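Understanding the architecture of this molecule
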Amino acid sequence: MSFRYVRRRLLQVIPSVVGILLVGFLLIELAPGDPVLALAGESGDEAFYADVRARFGLDRPVAERFATYATNVLRGDLGISYVQGRPVVDIIGERIWPTLLLTGVALVLSTVVGIALGAFAATRRRTATDVGIQIATLTIDAAPIFWVGQLAILAFALYLGVLPVQGMSSAVEPDGVLAGILDLGRHLLLPAAVLAIGQIAVVARMARIGFIEELSQDYVRTARAKGLAEHRVVLGHAMRRAVIPVATVIGGRLGHLVSGAVIVEIIFGWPGLGRMLVIAMQTRDMPIIMGMFLVVSFSVIIANFITDLSYGWLDPRIAYR
Amino acid sequence: MRLAAVGRLARRFGRSPSAILGTLLTVTLVAVAALADVLAPHDPLAIVGPPLGAPDAAFLMGTDDLGRDLLSGIILGARTSLAVAAGVGALVLAIGLPIGIVAGYRGGVVDDLLMRFTELFQVLPRFFLAIVVIALFGPGLDRLIVVLGVTSWPEVARIVRAQTLSLREREFIDAARALGSSQPRLIRHELLPNVIPATAVILALVMGQVLLIEASLGFLGLGDPNAISWGYLAGQAQRFLRVAWWLSVFPGVALILAVLAFNLLSDGLNDQVDRRW
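Only a predicted model underlies this, so the values are computations on that prediction, with no experimental measurement involved.

**Considerations on the overall build of chain B**
- Each helix and strand in chain B was counted, giving 12 helices and zero strands.
- Sequence-ordered secondary structure for chain B, helices as α and strands as β, is α-α-α-α-α-α-α-α-α-α-α-α.
- Projected onto the principal axes, the alpha-carbon positions of chain B cover approximately 75 × 45 × 30 Å.
- Burial analysis of chain B (277 residues in total) assigns 52% to the buried set.
- By element, 64% of the accessible surface of chain B is carried by carbon and sulfur atoms, the whole surface being about 12400 Å².
- Where the 22 positive side-chain charges of chain B centre and where its 20 negative ones centre are 9 Å apart.

Below is the structure:
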């Protein structure tokens, strides 16, 4: 991977970032109602409004307003929460860790289990096992995450009574660090699995196609002819290139996972960004809602960028110009 | 595409199990949505039974906390889901088809610019953008359709472009061109009919995804307050999870069947378009 490729790819990020900023800006501009009322509340007098207008540059031309907006966002200034009176960045920064933990675990879980399932189905192509996995993934793919979550609570937590259904930790503080981690793990298990299951289906379907494609290639035939054990052919040889289609969509999957996390956090009372967002919707705390949109958008762009760089490692045949 | 070719395609389509099941489910969904007023045994907003009544002969899917009939709610919810899916589907075609065809047919700088433009929309997180729009403009089916439509077309544009690129070099296009066919005519009569099958595969998938996004928003209470929807019903059920399982289970099942209808349709169509897998 050459430095030139990284630089070229980095330059391609710029239009996406500008596009996101433009969408955010235009939506605020087009929204009904005077932005001053939104910024300063409805109880101020004319002098106060004029002051706010000047302070936020609302009396400047559109291009200048956009420049101010873009500079602020890129500096990490996402505005002040109406309700909490604190910078949105700080609030998001506090709530991001539970969500990162939840989505991170779900991302790893869905990637590993999905690829394994896809490889398993591909090596048993057109058998009952393959068809069964296909039907299962197709159905799971169609299932709304809130439904899976509610069923999981009904089955595991209420009926079987084996796992906690709400929150991130037990009411009674666990004794010691290890017990604390175990307690967190127990609370994390069900929400992370629910969040992952839809993505497991997506990854499994893509991985199956990838493995079927690769297993028919010449180098696989060579490896088999050498007398390599089949599991080494599949996992050692075909795997690398078969997972490329899975890697290409990791950015999009991140978007899915984060929006799924909003629902999962509501269902399981997980104290992350999703809960923050829903509460912000109820209190009409616009800067938080907008900040959330920007943070998710930029995360997707960054994830796409990293994935693009990882192709070269997965498939050395891809030449970087 | 000649009539005989259409017939051949239809016969092959009829042999694919996912195509048959997908068509069956889609037709049922459309019928339920169209005849919702006739099919629903009760007014879904009227109190007609005991609160939180379990499913029985009188109320096949039970009743909610106010004693309203869940089955009627689900039947009318089909209308909301389908309206959103159809509206978004139409917008996606209206934007994605021309952009894909022009990019693929013209090539060069036009193609480059249009594809950069498409990528821009592809990174927009639909769910969060929809939430921003609802927060700024208030909830409603119309703006939901617009925001989901405006953000869902890139996949369609890309497949249309890819198809157009490969079709452009084919002999029958050359032949039409040699016969003096004008460019708009060439696009309408030669290119478009051959792009449709692959487009339909993606379009059906997109419409399935849209159903799920609409339901997620409804679940969070961000749907149209004037339209009953499956997501809204499931969201209301959350509070009664411990005492009334039916309120959670049935809206989800309806949604799965609807999304499955579109996904299977897409799968069945895909078998015709590309027999590689």
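Here the narrative resumes.
**Structural notes on helix α4 (residues 62–74) of chain A**
All names here are of chain A.
- Taking 1.5 Å of rise per residue, 13 residues should cover 18 Å, and α4 covers 18 Å from first to last C-alpha, within 8% of that figure.
- All buried positions along α4 are accounted for by Arg65, Phe66, Tyr69, Ala70 and Val73. The arc that holds the buried residues of α4, viewed along the axis, is 130 degrees, so those residues lie on one side. With respect to the buried face of α4, the exposed residues turned more than 90 degrees away are Ala63 and Leu74.
- Directly after α4, the chain includes Gly76, whose backbone phi takes a positive value near 90 degrees.

**Topic: the side chain of Ser229 of chain B**
Residue and element names in this part refer to chain B.
- The topology assignment puts Ser229 in the loop between α10 (183–219) and α11 (230–237).
- Taking the relative accessible area as the measure of exposure, Ser229 reaches 3% and is therefore buried.
- Apart from the residues lying within four places of it in its own chain, the contact partners of Ser229 are Gly77, Thr80, Glu214 and Gly218.

**Observations regarding the environment of Gln272 of chain B**
All names here are of chain B.
- Looking at the element boundaries, Gln272 is found in helix α12 (residues 245–273).
- On the basis of relative accessible area, Gln272 is assigned to the buried category, the value being 9%.
- Residues Gln272 and Leu97, 175 residues apart in the sequence, show an inter-C-alpha distance of 20 Å.

**Comments concerning the interface of chain A and chain B**
- Listed as interface residues are 48 residues of chain A and, on the opposing side, 40 residues of chain B.
- Contact with chain B buries area across many residues of chain A, yet Phe146, Trp147 and Gln150 of chain A alone supply 15% of it, more than any other trio.
- Seen at the junction of chain A and chain B, the total is zero salt bridges.
- Residue assignment for the side of chain A that touches chain B shows that the elements contributing at least two residues are α1 (3–30), α6 (128–142), α7 (145–159), α8 (176–215), α12 (250–268), α13 (273–282) and α14 (286–314) of chain A.
- If you tally residues by element for the side of chain A that touches chain B, the top one is α14 of chain A, at 10 residues.
- Across the side of chain A that touches chain B, the residue classes break down as 36 nonpolar, seven polar and five charged.

**Side note on the pattern of salt bridges**
Residues and elements named next belong to chain A.
- Applying the stated criterion to the full structure yields 14 salt bridges over all chains.
- For Arg241, the salt bridge is made with Glu214, and the minimal N-O distance between the two is 3.3 Å. Residue Arg241 is located in helix α10 (residues 230–242), and its partner Glu214 is located in helix α8; the two are separated by 27 residues in the primary sequence.
- A salt bridge links Asp218 to Arg221, with the nearest nitrogen and oxygen atoms 3.4 Å apart. Note that Asp218 and Arg221 are positioned in helix α9 (residues 218–225) at a spacing of three residues, about one turn of the helix.

Conventions we followed
Residues numbered from 1 in each chain as written. Chains lettered and ligands numbered in written order. Predicted model: local features only at pLDDT ≥ 70, side-chain atom pairs only at ≥ 80, totals over all residues. Heavy atoms only, no water. Helix = DSSP H or I, 4+ residues; strand = E, 2+ residues; numbered from the N terminus. Buried < 20%, exposed > 50% of the residue type's maximum accessible area, 1.4 Å probe, protein only. Areas by Shrake-Rupley, 256 points an atom, 1.4 Å probe, with all protein chains shown as cover. Lys, Arg positive; Asp, Glu negative; His and termini not counted. Charge placed at Lys NZ, Arg CZ, Asp CG, Glu CD. Expected span 1.5 Å × (residues − 1). Arc of directions from axis to C-beta. Contact = heavy atoms within 4.5 Å. Buried area = accessible area lost by both parts, 1.4 Å probe. Salt bridge = Lys/Arg side-chain N within 4 Å of Asp/Glu carboxyl O. Nonpolar A, V, L, I, M, F, W, Y, C, P; charged D, E, K, R; others polar.

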